[in-house]
Structures are given as structure tokens and as C-alpha cells.
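Here is what each chain is made of, one letter per residue.
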Amino acid sequence: MSTTACLGLGALGVGCSAPPAALRVGAIVFPGYEFLFLAEQMGWLNEAPVHLVEMQTNTDTLRALALGRLEAAALTLDEALTGLSEGIPLRVVAVLDVSAGADVVLARPPAHDAADLRGRRVGVEDSAVGALMLAAVLEAAGLGVGDIQKVPMALSSSVEAYRSRQVDALVTAEPWASTLRAEGAQAVFDSRAIPGRIVDVLAVRADALPARAPGLAQLLRGHFRALAHFRAQPLAASALLAPRLQIPAEAVPGAFQGLDLPDLAANRALLAPKGSVRQGLGSLVPLLQAQGLMAREVDTGPFLDPRWLQGL
């Protein structure tokens, strides 16, 4: 109904409610985020205004959140904390995945372990997760930042950078990791060595709620429905996921290797007061501060907000 029509009805004493505001959600191409887009393809996001926006990097996503161009985003937990420290009023409402090997450091042969990174050019995205992975692999190798040549780059540029020999090693993730392995790159470190450290979440600006509550509830339902569809009908779901992941449909299930994908029940447990995500904040915040990734102290009390999972 048009604004003019609503004004006319109001003059007649007839109520006319405004349509709900759209929830704009940003996400890079990454397997753990793709069930949001699968839900859109399946038509499960049609009941309330939700606009999914493909982003190039999570740094771009945080900038768009800060500028109010997005109300929600798929981010790593540490990136959401970084955004919170920069004044973006973010709330984590769901866990999309937990990295258990999906984030990886790949190197050009003959490198075969982390110590072989000494003196090498290492490509890494200037993001919180990139910094955490780089710090972890250097610690495992007994190296310092000065022992490597850091090459800043976006995850989406990693394959081309490897092929053109701009780098000798990369901090990367799926779907690029599978392509790099096919090019001969070998894993020298992955997120299994830092369990529970890298968690992907759906974060929402607190000031966007409750006006966009219908869209958020629909988005969460759609994500879990799409995840269930993938598990029940992997071939059909993979055919829809493949174009965005830019890999053949038969390779899609492999792109999720190294990712734990929590369903609704697991989400409620992860975000509960004594759940592992909240418990992990106690060690994650000091780590981010030590890496210089948090602009200021933050109150993590309201940061995890599982209330939106309760009515699903």
C-alpha cells in the first residue's frame, strides 16, 4: 500500500501499519555462510524483507556495518568483537560454523611444516581471523613476524596469487583451499591446532532490532532449514550451492570438511551462559588485545544474544 493511501486511510480513522524495515545481511563467499543464500534460493526468505548482499572481504563487511549500510552480517567471532570495540553495537544471535581444519596455511613444496615458512612470502588477509591464524602458525613454528615476509591480500585473491608466484604460502580457507591443494599446495597448519578459536557467527546491530525482528527470525529459520536440507538431500543442495562456491557440484560436500555445522539445538547449547562460545570469550578477548586488534575495552555481557533462537 502506498504512503498516500495510508495517509488517506489515517484521515478516515482507519489504521495503516508501515511495512517492516528490510534486514540487509552481508556475507563473503564461504561454505559456512552459504546456507543463508541456499535459503534464499529455495524461497524460504520471502515472508519478510531480507536482502542478502555478497561482500568481497570481511573487512568490507565491518565497514558497511559501521556505516549503517548493513544491519547484519556473517563474520568470525573475533571480527565481530573487533567491530564491537570500534563502536558497532553488534550482537551475536547464532553460530554458523566452528572451524575444525577449514582454516589452513598452505605452502608451496618443498615446504612441509610450519618451520619451513621462515623467509617465505606469506599471503594473509588483513582481518582478525587472518591475524589469529598467522600468530598461531608462527607460534607453532617458533617464528616471529620478522621471520617471514607478510603479503596482505584478500582471501578471494589467494588462488591467483599462488599461481602467479606472488607468494610462497597462504593463510586461506575453503573454497579456495581445495583449489590450491589441487595446484600442489601442502598444508603446514590448520585450525584443528586451535580448537574453538575460530567461530563463524551471525551478528546483528542491536539498534536494528526489534524493528527488523521479523526478518531476523525468518533468516534464522531459513538457515537451519537449509542446513537440514543439505544433510537430507546433499546432491540436490550441492547443485544449488556450487555456482556461488565456484566449484563443481560433486566437490561441494568436500568444501565443508573441517567445519562443524551446529543445528538449532547445538546453537542453543553453544550460546548458553555456560556454553563453549561464551566461555571462550575469556581467552579470545585478551588474545585480540595482545594482537592489537581491539580498539578499546568492551562489555561482552550482552554481546552473545541467544534469545532470538528460543522461539524458532
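Now for a look at the structure at hand. Keep in mind the model is a prediction, meaning the values are calculated, not measured. (Residues numbered from 1 in each chain as written. Predicted model: local features only at pLDDT ≥ 70, side-chain atom pairs only at ≥ 80, totals over all residues. Heavy atoms only, no water.)

Details of the side chain of Asn-267
1) Next: Within the secondary structure layout, Asn-267 lies in helix H11 (residues 264-270).
2) Next: A relative accessible area of 0% means that Asn-267 is categorised as buried.
3) Next: In terms of polar contacts, Asn-267 uses its side chain to reach the backbone amide nitrogen of Val-95, at 2.6 Å.
4) Next: Not counting the four nearest positions on each side in its chain, Asn-267 is found in contact with Ala-94, Val-95, Phe-224, Pro-262 and Leu-309. (Helix = DSSP H or I, 4+ residues; strand = E, 2+ residues; numbered from the N terminus. Buried < 20%, exposed > 50% of the residue type's maximum accessible area, 1.4 Å probe, protein only. Polar contact = N/O pair within 3.5 Å; in protein donor to acceptor, adjacent residues only side chain to side chain. Contact = heavy atoms within 4.5 Å.)

Quick notes on the pairing of strand S8 (residues 169-172)
1) Next: On S8, burial covers both faces: Ala-169 and Val-171 on one face and Leu-170 and Thr-172 on the other are all buried.
2) Next: Looking at chain direction, strand S6 (residues 121-124) and S8 are connected through 2 bridges and run parallel. Bridge pairing in S8 links Gly-123 to Leu-170. (Pairing = 2+ DSSP bridges.)

Regarding the nonpolar core
1) Next: Among the nonpolar cores identified, the biggest contains 78 residues, and Phe-35, Leu-77, Leu-202, Leu-219 and Phe-303 are the most heavily contacted of them.
2) Next: Those residues within four positions of Leu-202 in sequence are excluded, and the remaining contacts are Val-25, Ala-73, Ala-74, Arg-91, Val-92, Val-93, Ala-94, Leu-96, Leu-216, Leu-219 and Leu-220. (Core = buried A, V, L, I, M, F, W, Y, C linked by side-chain atoms within 4.5 Å.)

Focus: the sheet that holds strand S4 (residues 90-99)
1) Next: Pairing in this open sheet of 6 strands is mixed, and the strands run S2-S1-S3-S10-S4-S11 from one edge to the other. Because the sheet does not close on itself, it has two edges, and the strands there are strand S2 (50-54) and strand S11 (259-260).
2) Next: With 5 bridges connecting them, strand S3 (residues 72-76) and strand S10 (residues 199-205) associate as antiparallel partners. Residue pairing in the sheet places Thr-76 in a bridge with Asp-200 of S10.

Thoughts on the layout of surface pockets
1) Next: In this structure, the largest pocket encloses a volume near 320 Å³.
2) Next: Those elements giving two or more residues to the lining of the largest pocket turn out to be helix H3 (58-66), helix H4 (77-85) and helix H5 (128-141).
3) Next: Of all the elements, H5 adds the most residues to the lining of the largest pocket, at 6 residues.
4) Next: Of the residues that constitute the lining of the largest pocket, the class distribution is 9 nonpolar, 6 polar and 6 charged.
5) Next: In this structure, the second largest pocket encloses a volume near 240 Å³.
6) Next: For the lining of the second largest pocket, the secondary-structure elements that each account for two or more residues are helix H7 (176-182) and helix H9 (234-245).
7) Next: Grouping the constituent residues of the lining of the second largest pocket by class yields 8 nonpolar, 4 polar and 2 charged. (1 Å grid on protein atoms, 1.4 Å probe; cavity = no way out; pocket = protein on both sides within 12 Å on 5 of 7 lines; lining within 4 Å. Points joined across faces, edges and corners; volume = space filled by probe spheres on them. Nonpolar A, V, L, I, M, F, W, Y, C, P; charged D, E, K, R; others polar.)

Here's the deal with the sheet that holds S8
Strand pairs in the sheet, formed through backbone hydrogen bonds, run parallel or antiparallel to each other.
1) Next: The strand order S7-S6-S8-S5-S9 describes an open sheet built from 5 strands, whose pairing is mixed. Single-partner strands in this sheet number two, and they are strand S7 (149-152) and strand S9 (186-190). Here the average twist between neighbouring strands, direction ignored, is 25°.
2) Next: Here 4 bridges tie strand S5 (residues 104-107) to S8, and the two strands are oriented antiparallel to one another. Residue Val-105 lies in a different strand from S8, and its bridge partner there is Val-171.
3) Next: Those strands touched by H5 are S5, S6, S7, S8 and S9, and its axis lies near 100° from that of S9. (Axes fitted to C-alpha atoms, helices over the stretch in contact; angles between N-to-C directions.)

Concerning empty space enclosed by the protein
1) Next: For the coordinates displayed, the defined rule picks out 1 cavity of 30 Å³ or more.
2) Next: Computed from the structure, the largest cavity encloses a volume of approximately 170 Å³.
3) Next: Surrounding the largest cavity, 19 residues form its lining, Thr-76, Asp-103, Val-129, Leu-155 and Ala-173 being those nearest its centre.
4) Next: Every element with two or more residues in the lining of the largest cavity is listed here: H5 and S8.
5) Next: Sort the elements by how many residues they give to the lining of the largest cavity and H5 lands first, with 3 residues.
6) Next: Of the residues in the lining of the largest cavity, the class split is 10 nonpolar, 5 polar and 4 charged.

Points about the packing of H4 against helix H12 (residues 276-290)
1) Next: At a minimum axis separation of 11 Å, H4 and H12 run at an interaxial angle of 65°. Taken as a pair, H4 and H12 cross one another with a handedness that is right-handed. On H12, the residues touching Leu-77, Asp-78 and Leu-81 of H4 are Val-277, Leu-281, Leu-284, Val-285 and Leu-288.
2) Next: Of the residues in the contact of H4 with H12, the class split is 7 nonpolar, no polar and 1 charged. (Left-handed = near helix turned anticlockwise from the far one by under 90°.)

Comments concerning the environment of Arg-118
1) Next: Position of Arg-118 relative to the elements: it lies in the loop between S5 and S6.
2) Next: Along the sequence, Arg-118 and Gln-149 sit 31 residues apart, while their C-alpha atoms lie 8.6 Å from each other.
3) Next: Not counting the four nearest positions on each side in its chain, Arg-118 is found in contact with Leu-143 and Asp-147.

Some points on the packing of aromatic side chains
1) Next: Per the counting criterion, the structure on display carries 4 aromatic pairs.
2) Next: Between Phe-230 and Phe-256 the ring centres are 4.9 Å apart and the planes differ by 45°, which places this aromatic pair in the tilted class. Taken together, the residues Phe-230 in helix H8 (residues 213-232) and Phe-256 in the loop between helix H10 (252-255) and S11 connect sequence positions 26 residues apart. Neither Phe-230 nor Phe-256 differs from the other in exposure class; each is buried.
3) Next: By the ring-pair criterion, three or more aromatic residues cluster together here, those being Phe-35, Phe-230 and Phe-256. (Phe/Tyr/Trp six-rings, centres within 6.5 Å; stacked < 30°, edge-to-face > 60°.)

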